[in-house]
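What follows is each chain in one-letter form.
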Amino acid sequence: MTQISVLADAIGARVEIVNPGAGEDTAGRVAVTGIDLRAQGIRPGDVFAALPGAKTHGASFAGTALERGAVAVLTDEAGRDLVAEATSDPVAVLVHPEPRAALGAASATVYGHPSRSMQVIGITGTSGKTTTSYLVEAGLVAAGRVVGLVGTVETRIEGIRVPSTLTTPEAPQLHALFAVMRERGVDTVVMEVSSHALALGRVDATEFAVGGFTNLSQDHLDFHKDLDDYFGAKARLFAEDSPVRARRAVVCTDDVWGRRMAEVARAGRDDATAVRTVGGEGAAGTAAADWTVTDEVPDETGVQQFTLTGPDGIARRATVGLPGRYNVTNAALAVALCAEVGADIDAAIRGIADVAVPGRVERVERGQDFLAVVDYAHKPAALDAVIGTLRAATEGRIAVVVGAGGDRDRTKRPIMGEVAARAADLVVVTDDNPRTENPAAIRAAVLDGAHSVPAAERGEILEIGDRAAAIDAAVAWARPGDVVLVAGKGHETGQEIEGVKHPFDDREVLGAALDKYRTAGPDGHHPPAAGGSHHGGKA
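None of these values were measured; they are calculated from a predicted model.

1. A word on the overall build of the chain
Thinking step 1. Along the backbone of the chain there are 16 helices and 27 strands.
Thinking step 2. Along the first, second and third principal axes, the C-alpha set of the chain runs to 85 × 55 × 40 Å.
Thinking step 3. The burial tally for the chain puts 58% of its 539 residues in the buried class.
Thinking step 4. Residue pairs in contact within the chain that sit at least 24 positions apart in sequence constitute 68% of those at least 6 positions apart.
Thinking step 5. Accessible surface computed for the chain: about 21100 Å², of which carbon and sulfur atoms make up 51%.
Thinking step 6. Side-chain charges of the chain comprise 53 positive and 73 negative groups, with the mean position of each set lying 1 Å from the other.

Right, here's the structure in full:
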């Protein structure tokens with residue numbers, strides 16, 4: 001528990017009692033047991049963090065928070081006035097000019113700075129965060145660590161699953177989660193760190209032992225003004241002037257952004273070994289990397305073996321059970337991250353060998369005679385990479401079911417269509433998560449990109465808005481030896497349309513279509529679903 005006066009001193013806020021009464025002199029000594037941004041989430045003893053919003057000030061909900069047992073409110077001057085209007089009782093208000101900027105430190109203080117008691121590994125980058133996090137978790141467990149995982153798909157404490165709603169939770173939930181992990185004996189935490197989390201301060205006051213960087217490509221340009229701004233947000237995990245700079249860093253230098261990030265991470269450090277680099281075979285800068293990948297050998301099932309040589313000069317043979325060149329890089333990065341927190345390297349290599357990641361090149365098997373895969377690829381570079389991986393693994397044709405999310409980066413929509421049309425034999429443009437946008441308008445943008453590819457260089461293009469019907473059509477098209485890739489949603493179990501999330505799991509829908517395929521007519525196929533429009537192209 002933390003006294004209000006101690007909390008105020010820690011974040012540089014002043015304590016003001018609105019509607020002062022008989023309890024004014026003791027208000028600063030009231031014990032705080034938690035903190036929350038959500039008035040409906042307040043429990044007795046909590047501080048209500050009432051932040052200014054674009055449309056509504058959080059302090060407008062102070063009445064609800066106080067009724068639920070809030071003992072104080074953290075807010076700004078405008079919020080202080082709203083709190084005074086919300087109740088006639090004395091209330092301690094921690095007034096701060098930028099309460100959002102103080103939220104991380106406030107949360108860490110309330111929960112006793114739990115990240116200081118564990119080694120926290122933060123992983124950022126455009127693609128590969130989830131996969132790398134799962135690989136690191138497995139490597140650490142194999143090395144005898146007690147591990148917590150915070151990520152897009154789920155949060156796990158010693159293997160016990162807790163569903164996630166954000167890649168990185170807001171600061172109060174994050175530090176509360178760290179506190180629970182500490183209580184349960186967790187010694188190492190692996191977490192995905194999104195650019196939004198870094199830019200919005202969700203990880204403020206987290207003490208990162210190691211930061212890992214995967215890569216950077218176009219994404220989230222609805223939030224960031226350009227790629228440099230996007231890079232700058234990611235760089236907060238590594239930059240010299242950042243309050244959340246990791247003590248050590250491991251950076252994949254296979255692309256220009258990685259090499260640039262390595263330079264950011266090195267700035268101002270006296271210890272040259274505090275920054276380690278990972279380079280893949282044939283990539284620029286591989287020879288200069290501290291961890292290098294060579295002698296990659298994939299088998300027909302997608303399992304890949306490779307040699308990983310570390311800073312100690314020892315070459316170790318490693319295996320990763322995930323297809324794709326990029327997953328070899330993810331595996332190498334994972335081993336390097338394990339090494340940076342002192343885990344046994346050989347144990348970590350054993351641990352990563354059999355890892356499966358939900359919604360990442362995830363096979364759906366129903367006894368069919370072709371490959372059916374669900375993948376989270378929802379940005380151009382990721383889509384191109386997964387199609388390339390599948391192309392290398394088959395001599396058959398490839399169908400891709402693809403769309404784009406609403407209320408997100410619009411500039412990538414035509415690029416998604418172009419990538420799919422260049423690489424696949426059949427592109428079925430469908431709805432992803434339209435959210436509040438017109439689904440037909442989103443599909444039109446994806447189709448524009450697909451049709452920008454010359455007809456002789458692209459496959460057949462269909463438009464089927466209903467995602468289940470689109471998946472069904474791709475399955476109906478497939479013949480023995482082909483590949484059906486359903487891209488964009490991966491592990492997600494809902495589809496958001498007009499602000500409402502409906503149950504929808506690509507894996508279940510694909511499985512149902514495959515079952516239908518296996519029990520259909522004499523040739524084992526059924527006709528394409530009705531309601532789609534045909535856009536020509538080669539068969």
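2. With respect to the pairing of strand E13 (residues 208-213)
Thinking step 1. Most of E13 is tucked away: six of the six residues are buried.
Thinking step 2. Pairing geometry for strand E8 (residues 119-124) and E13, over five bridges, is parallel. Along E13, the bridge assignment pairs Thr-124 with Phe-213.
Thinking step 3. Bridge count between E13 and strand E14 (residues 248-252): four bridges; the pairing is parallel. Bridged to Gly-212 within E14 is Val-250.

3. Looking at the sheet that holds strand E5 (residues 46-49)
Thinking step 1. Read across the open sheet, the five strands follow the order E2-E7-E6-E5-E4; overall the sheet is mixed. The open sheet has two edge strands, strand E2 (14-18) and strand E4 (34-36), and neither has a second partner. Taking the axes of each pair of neighbouring strands and ignoring which way they run, one obtains an average angle of 25° across the sheet.
Thinking step 2. Alignment of strand E6 (residues 72-75) against strand E7 (residues 91-95), held across four bridges, turns out to be parallel. In the strand pairing of E7, Val-73 is matched with Val-93.
Thinking step 3. Helix H1 (residues 4-11) contacts E2, E5, E6 and E7 of the sheet and is inclined by roughly 10° relative to E7.

4. Notes on the packing of helix H12 (residues 380-392) against helix H13 (residues 412-423)
Thinking step 1. Two elements in contact, H12 and H13, have axes whose closest approach is 9 Å; the angle formed by their N-to-C orientations is 10°. The angle between H12 and H13 places the two elements in the roughly parallel class. Of the two elements, H12 crosses H13, and the hand of that crossing is right-handed. Contacts from Pro-380, Leu-383, Asp-384, Ile-387 and Arg-391 of H12 reach H13 at Lys-412, Ile-415, Met-416, Val-419, Ala-420 and Ala-423.
Thinking step 2. Here the residues of the contact of H12 with H13 are counted per class, giving eight nonpolar, no polar and three charged.

5. Quick notes on the domain arrangement of the chain
Thinking step 1. The domains assigned to the chain are domain 1 (2-109), domain 2 (114-352) and domain 3 (362-520).
Thinking step 2. The C-alpha-based centres of domain 1 and domain 3 are spaced at 47 Å.

6. Observations concerning the pattern of salt bridges
Thinking step 1. If you walk through the whole model with that rule in mind, you get 35 salt bridges.
Thinking step 2. The residue Glu-170 makes a salt bridge to Arg-100 at a minimum N-O spacing of 3.4 Å. Of this pair, Glu-170 sits in the loop between strand E11 (160-163) and helix H6 (171-183) while Arg-100 sits in helix H4 (residues 99-110); the two residues are 70 residues apart in sequence, bridging distant segments of the chain.
Thinking step 3. According to the relative accessible area criterion, Glu-170 is buried, its value standing at 16%.

7. Concerning the packing of aromatic side chains
By convention here, two paired aromatic rings are described through the distance between centres and the angle between planes.
Thinking step 1. The tally for this structure, following the rule as stated, stands at three aromatic pairs.
Thinking step 2. Between Phe-213 and Phe-238, the ring centres sit 6.4 Å apart and the planes meet at 90°, which makes this aromatic pair edge-to-face. A residue pair is termed long-range when its members are at least 10 positions apart, and Phe-213 in strand E13 and Phe-238 in the loop between helix H8 (227-234) and E14 qualify at 25 residues. In terms of burial, Phe-213 and Phe-238 fall into one category: buried.
Thinking step 3. Relative to Tyr-517, the ring of Phe-370 has its centre 5.1 Å away and its plane inclined at 70°; by these criteria the two rings are edge-to-face.

8. Digging into H4
Along an α-helix, residues three or four apart share an orientation, since each turn contains 3.6 residues.
Thinking step 1. Within H4, nine of the 12 residues are buried, which leaves it mostly tucked inside the rest of the structure.
Thinking step 2. Taken together, the buried positions of H4 are Pro-99, Ala-102, Leu-103, Gly-104, Ala-106, Ser-107, Ala-108, Thr-109 and Val-110.
Thinking step 3. Once H4 ends, the next one or two residues include Gly-112, with phi positive near 75°.

9. Quick word on the packing of H13 against helix H14 (residues 439-451)
Two quantities define a packed helix pair, namely the angle between the helix axes and the distance between the axes.
Thinking step 1. Between H13 and H14, the least distance of the axes is 6 Å, while the angle of their chain directions is 45°. In terms of orientation, H13 and H14 fall into the oblique class. At the point where H13 passes H14, the crossing takes the right-handed sense. Residues Arg-413, Pro-414, Gly-417, Glu-418 and Ala-421 of H13 pack against Ile-442, Ala-445, Val-446, Gly-449 and Ala-450 of H14.
Thinking step 2. Within the contact of H13 with H14, the residues separate by chemical class into six nonpolar, two polar and two charged.

10. Re the UniProt feature "binding site: UDP-N-acetyl-alpha-D-muramoyl-L-alanyl-D-glutamate" (unreviewed entry) in the chain
Thinking step 1. As annotated by UniProt and renumbered to match this structure, "binding site: UDP-N-acetyl-alpha-D-muramoyl-L-alanyl-D-glutamate" (unreviewed entry) occupies Leu-37, Thr-167, Thr-168, Ser-194 and Arg-202.
Thinking step 2. Structurally, Ser-194 can be placed in the loop between strand E12 (188-192) and helix H7 (195-199).
Thinking step 3. By the secondary structure assignment, Arg-202 is in the loop between H7 and E13.

11. Structural notes on unusual backbone geometry
Thinking step 1. Unlike most non-glycine residues, Ala-205 shows phi in positive territory, near 70°.
Thinking step 2. Secondary-structure assignment places Ala-205 in the loop between H7 and E13.
Thinking step 3. By relative accessible area, Ala-205 is classed as partly exposed at 27%.
Thinking step 4. Although it is not a glycine, Asp-407 adopts a positive phi angle of roughly 60°.
Thinking step 5. Relative to the assigned elements, Asp-407 resides in the loop between strand E21 (398-402) and H13.
Thinking step 6. Taking the relative accessible area as the measure of exposure, Asp-407 reaches 31% and is therefore partly exposed.

12. Brief notes about the pairing of strand E23 (residues 460-463)
Thinking step 1. Every second residue of E23 is oriented toward a common face, with Glu-460 and Leu-462 on one face and Ile-461 and Glu-463 on the other, all of them buried.
Thinking step 2. By the bridge criterion, four bridges tie strand E22 (residues 426-429) to E23 in an arrangement that is parallel. Its bridge partner lying in E23, Val-429 is registered against Glu-463.
Thinking step 3. Assessed by its sense of winding, the connection that carries the chain from E22 through H14 to E23 is right-handed.

How each quantity is defined
Residues numbered from 1 in each chain as written. Predicted model: local features only at pLDDT ≥ 70, side-chain atom pairs only at ≥ 80, totals over all residues. Heavy atoms only, no water. Helix = DSSP H or I, 4+ residues; strand = E, 2+ residues; numbered from the N terminus. Buried < 20%, exposed > 50% of the residue type's maximum accessible area, 1.4 Å probe, protein only. Contact = heavy atoms within 4.5 Å. Areas by Shrake-Rupley, 256 points an atom, 1.4 Å probe, with all protein chains shown as cover. Lys, Arg positive; Asp, Glu negative; His and termini not counted. Charge placed at Lys NZ, Arg CZ, Asp CG, Glu CD. Pairing = 2+ DSSP bridges. Axes fitted to C-alpha atoms, helices over the stretch in contact; angles between N-to-C directions. Parallel < 35°, antiparallel > 145°, perpendicular 65-115°, else oblique. Left-handed = near helix turned anticlockwise from the far one by under 90°. Nonpolar A, V, L, I, M, F, W, Y, C, P; charged D, E, K, R; others polar. Domains from an automatic or database assignment. Salt bridge = Lys/Arg side-chain N within 4 Å of Asp/Glu carboxyl O. Phe/Tyr/Trp six-rings, centres within 6.5 Å; stacked < 30°, edge-to-face > 60°. UniProt positions renumbered as here; feature names shortened; annotations may be inferred. Right-handed = clockwise from strand over helix to strand, strands pointing away.

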